[in-house]
Amino acid sequence: MPANKKYLMSTRLGRTSKILAAILGSLVASILVHVVLALWFGSSNIVPATMMTFLMLWVTFMVLVYWIEKPWKSWLMLLLVMIMCGLGIYFAKM
């Protein structure tokens, strides 16, 4: 049964942007979240949990990217997560 046309993106750029946001953006956001957690709570506590939670967080971000309709809103959400993690890293190093 084919997909309903009104739910498919019409532009190639939009589809490419969604795919890149889902794979690369979600991957970077997941890595940064775990780096911040390791800096704030100590790597000896976070590294064992990272093996289990990294994949779950990455998939969660991927689902959120496809749940949001517009590609630019998906990128905005991921960039906000990355900026917040960057601030967390900055303040952890101070």
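In this report, the structure presented in the accompanying data block is examined. This structure is a prediction, so every number in the text was calculated from the model and none was measured. (Residues numbered from 1 in each chain as written. Predicted model: local features only at pLDDT ≥ 70, side-chain atom pairs only at ≥ 80, totals over all residues. Heavy atoms only, no water.)

Re the overall build of the protein
Here is step 1: Check the secondary structure of the protein and you find three helices and zero strands.
Here is step 2: Its helices and strands taken in sequence order, the protein reads α-α-α from the N to the C terminus.
Here is step 3: Taking 94 residues into account, the globule formula puts the C-alpha radius of gyration at 12 Å, and the protein, at 16 Å, lies well above it.
Here is step 4: Taken over the C-alpha atoms alone, the protein extends approximately 50 × 25 × 15 Å along its principal axes.
Here is step 5: The buried share of the protein, taken over its 94 residues, is 24%.
Here is step 6: Of the contacts made within the protein by residues no fewer than 6 positions apart, 76% connect residues no fewer than 24 positions apart.
Here is step 7: Of the roughly 7,000 Å² of accessible surface on the protein, a fraction of 76% belongs to carbon and sulfur atoms. (Helix = DSSP H or I, 4+ residues; strand = E, 2+ residues; numbered from the N terminus. Rg over C-alpha atoms; globule rule 2.2 N^0.38 Å. Buried < 20%, exposed > 50% of the residue type's maximum accessible area, 1.4 Å probe, protein only. Contact = heavy atoms within 4.5 Å. Areas by Shrake-Rupley, 256 points an atom, 1.4 Å probe, with all protein chains shown as cover.)

Describing the packing of helix α1 (residues 12-41) against helix α3 (residues 71-93)
Here is step 1: Where α1 contacts α3, the axes come no closer than 9 Å and their chain directions differ by 20°. When the interaxial angle is binned, α1 and α3 end up roughly parallel. Considering how the two elements wind past one another, α1 and α3 form a crossing that is left-handed.
Here is step 2: Looking at side-chain class alone, the contact of α1 with α3 contains 19 nonpolar, six polar and two charged residues. (Axes fitted to C-alpha atoms, helices over the stretch in contact; angles between N-to-C directions. Parallel < 35°, antiparallel > 145°, perpendicular 65-115°, else oblique. Left-handed = near helix turned anticlockwise from the far one by under 90°. Nonpolar A, V, L, I, M, F, W, Y, C, P; charged D, E, K, R; others polar.)

Examining the environment of Val-47
Here is step 1: Tracing the backbone through its elements, the reader meets Val-47 in helix α2 (residues 43-67).
Here is step 2: With 34 residues separating them in the primary sequence, Val-47 and Val-81 have C-alpha atoms 20 Å apart.

Brief notes about the nonpolar core
Here is step 1: Membership of the largest hydrophobic core is limited to twelve residues, which are Ala-21, Ala-22, Ala-29, Val-36, Phe-61, Val-65, Ile-68, Met-77, Leu-78, Val-81, Met-82 and Cys-85.
Here is step 2: Per-element tally for this core: the top contributor is α3, with five residues.
Here is step 3: Once you skip the residues sitting within four places of it in the chain, Met-82 turns out to touch Gly-25, Val-28, Ala-29 and Leu-32. (Core = buried A, V, L, I, M, F, W, Y, C linked by side-chain atoms within 4.5 Å.)

Considerations on the environment of Phe-91
Here is step 1: Locating Phe-91 in the fold gives a position in helix α3.
Here is step 2: Note on Phe-91: relative accessible area 48%, which makes it partly exposed.
Here is step 3: The spatial distance from the C-alpha of Phe-91 to the C-alpha of Ala-29 is 18 Å, given a sequence separation of 62 residues.

Don't take any of this as a statement about function, it's just geometry.
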